[in-house]
Amino acid sequence: MKEKNIVVKTVEGLYNIGNGMFTVLKHAFRSPITSSYPDVTPELYPTTRHRLALTVNPDTAEHLCIACKQCERICPDNCITVIPDPEKKGTIKEFVLDHGLCMFCGLCTEVCPTNCIINTVDFEMSEYSREDLIYDIDRLTLTQDQSRFYFDFKQMPKPKPKPVKPAVVAAAKPVEEIK
Amino acid sequence: MAVSFLNLLDKFRPHKVYRPSPLVGIFQFIIVAAFWFGIIYGATSTVTLLFVKFIPELLELYNLDSIAELVRNLAPLMAIMVLIPANATFLVLNERKVLALFTVRLGPNRVGPNGFLQTVADAVKLLFKEDITPKGADLLLFNLAPVIFFGPTVISFIPILSCATDNFGPFALCDLSIGILFVTAITSIPVLGLVLGGYASNNKYSLIGGLRSAAQAISYEIPMVLTVVSIIVLTGSINLREIADNQIGGLFSWNIFAFGNMPLLLNLFPLGKSSLIGLYGLALLGMALMLFSIYLISACAEVNRIPFDLPEAESELVSGYNTEFTGMKFALFFLAEYTALFIICCLASIVFLGGGHLPTSFEVEKTILENLAAFKLGDISWLLPSTVLMIKAYGLIFVSVWVRATLPRLRYDQLMKFSWKFLIPLSLINIFIAAVLSSVKV
C-alpha cells in the first residue's frame, strides 16, 4: 500500500513540476513589462496631474487668465498667488506658483473657468534649490503650440476670443460647452 | 463587455507604448552570448598558444630547455586559469539575463551594449572593495576558506578539458584514466571551504549556513556517487574521453538514449519472439532517463542551486556562509559557485549527452574535423568538440536557470527526507538493476 502511495506521489509531483516549468517557459516569449524610462518616456493619460502651467489661446496667443482668483482661493496648500493688473480689468500682472508646496491635487484646474491653469504631463522638474521651484508667470505660461497640443490632448473646448467689454460673459461660455 | 477596461483606456493614450517584440530580447541575448563565447575562446586559446609555443621558443633561445619543457606542460593549467574566470563572468550575465527573460523583465542593459559588460564592471568593483575581517574571526581559516572552496573547482576541470579538446596537442596531459572518479572526488572538497568559512566568520548566520551546506552535501553526494557507479557499470569505463567516444555516431548512440541500445526497441513492435530483447532496451532507456534525472537533481543540490539553496537562504540567513566575506574573497566564492555549476553541467553532457560529438553520423563529424585540421593558420580541430560540449553544457545551465525561475526553496526536513528516503534507496536499486542489465548478453 505504501509503495503504491510513493509511486503515485512521484508521478503527481513530476506532472505538477512539468506543468509549472511549462508555464514559466511560456513567459520567456512575452515582451518585457519594464519600461526603460530615460530612453523611452512613458505614455501618460490626459488626466494625469503633473507640472502646472498656464495656457494661452492657441489661435490668438492671448493669455487666458481672467484674474478671478478662484484657484488661489481653493488651493489647500496656498501655493498660488495671483496679482491682477490694476490698470486693465480681467488680466494678470503676475502669477506665482510654488511647486515645492503644491501637492498636485488638481483642484485649481477644476475650478478654472477658462481652462487656463492645467496639469501638464511633464514630470521632470528637478531643481538644485527650493527657490527654483517657485515658478513665475514667464515659466508657467505655455507657448501657442504647446497650448494647442494640450487643448487637443485633454479634449478641452477651444476658447473664444475675448470680447473687449463683457469679459465675465465670455469667460462663462466654455463651461457651458462642457456640459 | 467585449471591450476590456484596458482597451477602453487605450483610446485615450496619446501614442503607442514602446513594447519590443518578444523575440527581440532573445535575439539580443543570443548576440551577447556569441560575443562572450568569442571572448572566452580567444582568451583561452591565446594563453595556451603563449605557453605552448612562444614562451618555450623564447626560452630555448637562451638554452633553458628544461624550463621550456616545464612551461609547455603548464599550458593546460594556464588555459583553465583563464577559462574559468572568463566563463564565470559570462555565466553570471547569462543567469541574470535568462532569469529576466523568464520573469518578463529586461535584465541588466546599462553597462555596454545590452548589458554586455555588466559582470566585468561588477568584477572590477569587487576587486577594489575593502577587505574586511570581522571582529573575533578566526583569521587563518577565514582567509583559507575561499581558497579551499575555489582551488578544487579549478583542479576538477582538468579531465573535462581533455575531453573537450579530444586530446589535442598539450591537452593530452589532462587525459586522466580515472576521469569521472577524479571529478566526483575533487568536487566533494569545496564543502569543507563552506563549513570553514561559516565557522571562521564569527557570525551565527554564517555558521548555520555552513552547517546546513555540510549536511546537504553529505546527503546528496551519496545518490550522486551511486549514480556514477551505475553509469560506470553500464558504460564499462571511468575515463571521461572514452565514455564520450563510445557515444560517437548520432543522436541515438548517446547514453541518455538507452546507452546506445535504442535500436533494440524496434523489436517491440511486432510483438513476438524477439519482444523480450525490446523490453530489455526499454528497461535500459528507463534506466538511463532515471539516472540522468537523479544525477541532475543531486548535482543541483551539491552546488547549492536554487531549489536546494538552503546554505544561502536569503530569507532566513542573510546570505549564508558568505555573509561576512567582502571584496576578492566574496568574488572567489561567487566564481567557484558558478564554476561548480559549469563543471557538473559539463560532466552531465559528457556522460549522458555525447560529450563533444555532434548528434549526426560520424562521417559528417569527420569531414568537419578534417576541414578544421587543414586550416591554413594551423590545426584547429579542437574547436569542434569544445564548442559542441560548451553548447550542451550551456543548454543544461539554461535548464538549471529555468528550474530556478520555477521552483521554490525546499524546507529543511523535506530536503533531508528527499535524499535519504527517496534518492538513496532509488539509486541503490539502480545499481542492482544496472548490474543485472549489463550482465545480460544480447
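As the structure is a computational prediction, the values presented were derived from the model and not from experiment.

Here we look at the overall build of chain B
Next, step 1: Looking only at helices and strands, chain B has 15 helices and 0 strands in total.
Next, step 2: At 24 Å, chain B has a C-alpha radius of gyration in line with the 22 Å of a compact globule built from 442 residues.
Next, step 3: By principal-axis analysis of the C-alpha atoms, chain B measures approximately 85 × 70 × 50 Å.
Next, step 4: Counting the 442 residues in chain B, one finds 41% classified as buried.
Next, step 5: If you take every contact in chain B between residues at least 6 apart in sequence, the share linking residues at least 24 apart comes to 76%.

Description of the domain arrangement of chain B
Residues and elements named next belong to chain B.
Next, step 1: Assigned domains within chain B: domain 1 (17–104 + 117–128) and domain 2 (133–439).
Next, step 2: Using C-alpha coordinates to define each centre, domain 1 is positioned 21 Å away from domain 2.
Next, step 3: Residue-level contacts link 24 residues of domain 1 with 23 residues of domain 2.
Next, step 4: Elements that contribute at least two residues to the side of domain 1 that touches domain 2 include exactly helix 2 (22–61), helix 3 (65–102) and helix 4 (118–127).
Next, step 5: Considering every element that reaches the side of domain 1 that touches domain 2, the biggest residue donor is helix 3, with 18 residues.

Regarding the sheet that holds strand 2 (residues 80–84) of chain A
Residues and elements named next belong to chain A.
Next, step 1: Taking strand neighbours across the sheet as the criterion, the 3 strands line up as 2-3-5 in an open arrangement whose pairing is antiparallel. Edge positions in the sheet fall to strand 2 and strand 5 (134–135), since each of these pairs with one other strand and no more.
Next, step 2: Pairing of strand 2 with strand 3 (residues 92–98), which is carried by 5 bridges, proceeds in the antiparallel orientation. Counterpart to Thr 81 in the pairing with strand 3 is Val 96.

What about the nonpolar core?
Next, step 1: Ranked by internal contacts, the top residues of the largest apolar core, which has 95 residues, are Ile 160, Leu 161, Cys 346 and Ile 350 of chain B.
Next, step 2: In terms of residues, this core owes the most to one element, helix 12 (residues 327–351) of chain B, which gives 17 residues.
Next, step 3: Each of domain 1 (17–104 + 117–128) and domain 2 (133–439) of chain B contributes no fewer than three residues to this core.
Next, step 4: Sequence-distant contacts of Cys 346 of chain B, that is, excluding residues within four places in its chain, are made with Ile 160, Leu 389 and Ala 393 of chain B.
Next, step 5: Counting 22 residues, the second largest nonpolar core, distinct from the first, contains Cys 65, Val 82, Cys 112 and Ile 118 of chain A.

A closer look at helix 3 of chain B
Next, step 1: Here helix 3 of chain B contains 38 residues, and its C-alpha end-to-end distance of 55 Å stays within 8% of the 56 Å for a straight helix at 1.5 Å per residue.
Next, step 2: Of the residues trailing helix 3 of chain B, Val 104 of chain B is marked for its positive phi of about 55 degrees.

Quick word on the environment of Ser 274 of chain B
Next, step 1: Within the element layout of this structure, Ser 274 of chain B appears in the loop between helix 10 (240–245) and helix 11 (275–302).
Next, step 2: In sequence terms Ser 274 of chain B and Leu 264 of chain B are 10 residues apart; their C-alpha atoms lie 9.4 Å from each other.

Reading the values: rules and limits
- Residues numbered from 1 in each chain as written.
- Chains lettered and ligands numbered in written order.
- Predicted model: local features only at pLDDT ≥ 70, side-chain atom pairs only at ≥ 80, totals over all residues.
- Helix = DSSP H or I, 4+ residues; strand = E, 2+ residues; numbered from the N terminus.
- Rg over C-alpha atoms; globule rule 2.2 N^0.38 Å.
- Buried ≥ 20, exposed ≤ 12 C-beta atoms within 10 Å, placed from the backbone.
- Contact = placed C-beta atoms within 7 Å.
- Domains from an automatic or database assignment.
- Pairing = 2+ DSSP bridges.
- Core = buried A, V, L, I, M, F, W, Y, C linked by C-beta atoms within 7 Å.
- Expected span 1.5 Å × (residues − 1).

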